[in-house]
Amino acid sequence: MKKLIKKILKEEVENWWEKPTENQTSYIVFVAGTNKTGISHHKQYNAFLISLGAPPPNTEIKLFNYNDHLHSNSELFQFLKENLLNVEALVLFSAACSIGNKLTPRYVPHTMVYCIEPWATENGKLSWDNIYHANFYVNCCSWRRGKGAMKGIPEENKNNLTGTDAHINALKDAVSKIF
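In this text the structure is predicted, and so the values were computed from the model without any measurement. Per-chain numbering applies: the sequence of each chain, read as written, is numbered from 1 onward. Under the rules for a predicted model, residues below a pLDDT of 70 receive no local features and side-chain atom pairs below 80 are neither given nor counted, while totals for whole chains, interfaces and linings still include all residues. Based on all heavy atoms of the structure, the side-chain values leave hydrogens and waters out of the count.

Topic: unusual backbone geometry
In this chain, Thr-104 is followed by Pro-105 through a cis amide linkage whose omega measures -5°. Secondary structure counts use DSSP, requiring at least four H or I residues in a row for a helix and at least two E residues in a row for a strand, with both numbered from the N terminus. When you line up the elements, Pro-105 lands in the loop between helix 4 (100-103) and strand 4 (113-116). At Asn-58, a residue that is not glycine, the phi angle is positive and equals roughly 60°. Phi is positive for Glu-117, which is not a glycine, with a value near 45°. Within the element layout of this structure, Glu-117 appears in the loop between strand 4 and strand 5 (136-139).

Shown next, in the form of structure tokens:
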């Protein structure tokens, strides 16, 4: 069903003069969170790629990190601007979720953006008004890992993972559900 919705949305946004080709490359974009939490960008990239498995034909994986792409003149924003019609999914992890509202809907439709364990605190939590609630994957019990980030998050998108590798395991779990 998600693929059908994505296809319909892509067709609605396409310019009338552009004719898509069968060999046109599409992209799955992953933005890792900060590396200041003890989880390196490399470890985040690996967890994402292993969980994703082999991408579909004519699909490339683009990897970015939160620390280098906070502003609209960054490589991430420029890439999304230039490839709007070819982005199948934008996956934001941890701190990277904080740029979600900047990216949607201008660069990517809100139904194609996925937010995994955003930082959300009981006091002063961020607001993700532009991201679809069913595309949030959070921890059920920890404010630091997304609890309370948004109302309406489906129960199946909430994990109860604990321990030292819980945050990276939540990434793997969510990616396996998204794709």
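Observations concerning helix 2 (residues 41-52)
The span expected for a helix works out to 1.5 Å for each residue beyond the first. When the terminal C-alpha atoms of helix 2 are compared, their 16 Å separation across 12 residues agrees well with the 16 Å that a helix rising 1.5 Å per residue should span. Under the scheme applied here, a residue whose accessible area is under 20% of the maximum for its type counts as buried, over 50% as exposed, and between as partly exposed, the area being computed with a 1.4 Å probe on protein chains only. Listing the buried residues of helix 2 in full gives His-41, Gln-44, Tyr-45, Ala-47, Phe-48 and Leu-52. Buried positions in helix 2, seen along its axis, are confined to an arc of 160° and lie on one side of it. Facing away from the buried side of helix 2, by more than 90 degrees, are the exposed residues His-42 and Ile-50. One or two steps after helix 2, the chain reaches Gly-53, where phi turns positive at roughly 75°. Relevant arc is that of directions from the helix axis to the C-beta atoms, nothing else.

Considering the sheet that holds strand 6 (residues 158-159)
A pair of strands is considered paired only if DSSP assigns at least 2 bridges between the two. If you trace the 6 strands from one edge of the open sheet to the other, you get 2-1-3-4-5-6, paired in parallel fashion. Taken across any chain shown, the strands that pair with only one partner, and hence form the sheet edges, are strand 2 (59-65) and strand 6. Examined bridge by bridge, strand 1 (residues 26-32) and strand 2 share 7 bridges and lie parallel to one another. Residue pairing across strands places Val-31 opposite Phe-64, the latter belonging to strand 2.

Topic: the packing of helix 2 against helix 5 (residues 166-178)
Interaxial angles span 0 to 180 degrees and are taken between N-to-C directions of axes, which are lines fitted to C-alpha atoms, for helices over the stretch in contact. Packing of helix 2 against helix 5 brings their axes to within 8 Å, and their N-to-C directions diverge by 30°. By the angle between their directions, the pair helix 2 and helix 5 is classed as roughly parallel. Judged by the sense of rotation from one axis to the other, the crossing of helix 2 with helix 5 is right-handed. Contacts between helix 2 and helix 5 involve Lys-43, Gln-44, Ala-47, Phe-48, Ser-51 and Leu-52 on the former and, on the latter, Ile-168, Leu-171, Lys-172 and Val-175. Small angles under 35 degrees read as roughly parallel and large ones over 145 as roughly antiparallel, with 65 to 115 read as roughly perpendicular and the rest as oblique. With the far helix as reference, a near helix turned anticlockwise by less than a right angle produces a left-handed crossing, and one turned clockwise produces a right-handed crossing. Any two residues having at least one pair of non-hydrogen atoms within 4.5 Å are treated as being in contact.

Examining the state of the cysteines
Disulfides are defined in this document as cysteine sulfur pairs within 2.5 Å. For the structure on display, the rule yields 1 disulfide. Across a sulfur-sulfur distance of 2.3 Å, Cys-97 and Cys-115 are joined as a disulfide pair. With Cys-97 in the loop between strand 3 (87-93) and helix 4 and Cys-115 in strand 4, the pair connects residues that are 18 residues apart, well separated along the chain. When sorted by exposure, Cys-97 lands in the same class as Cys-115, which is buried.

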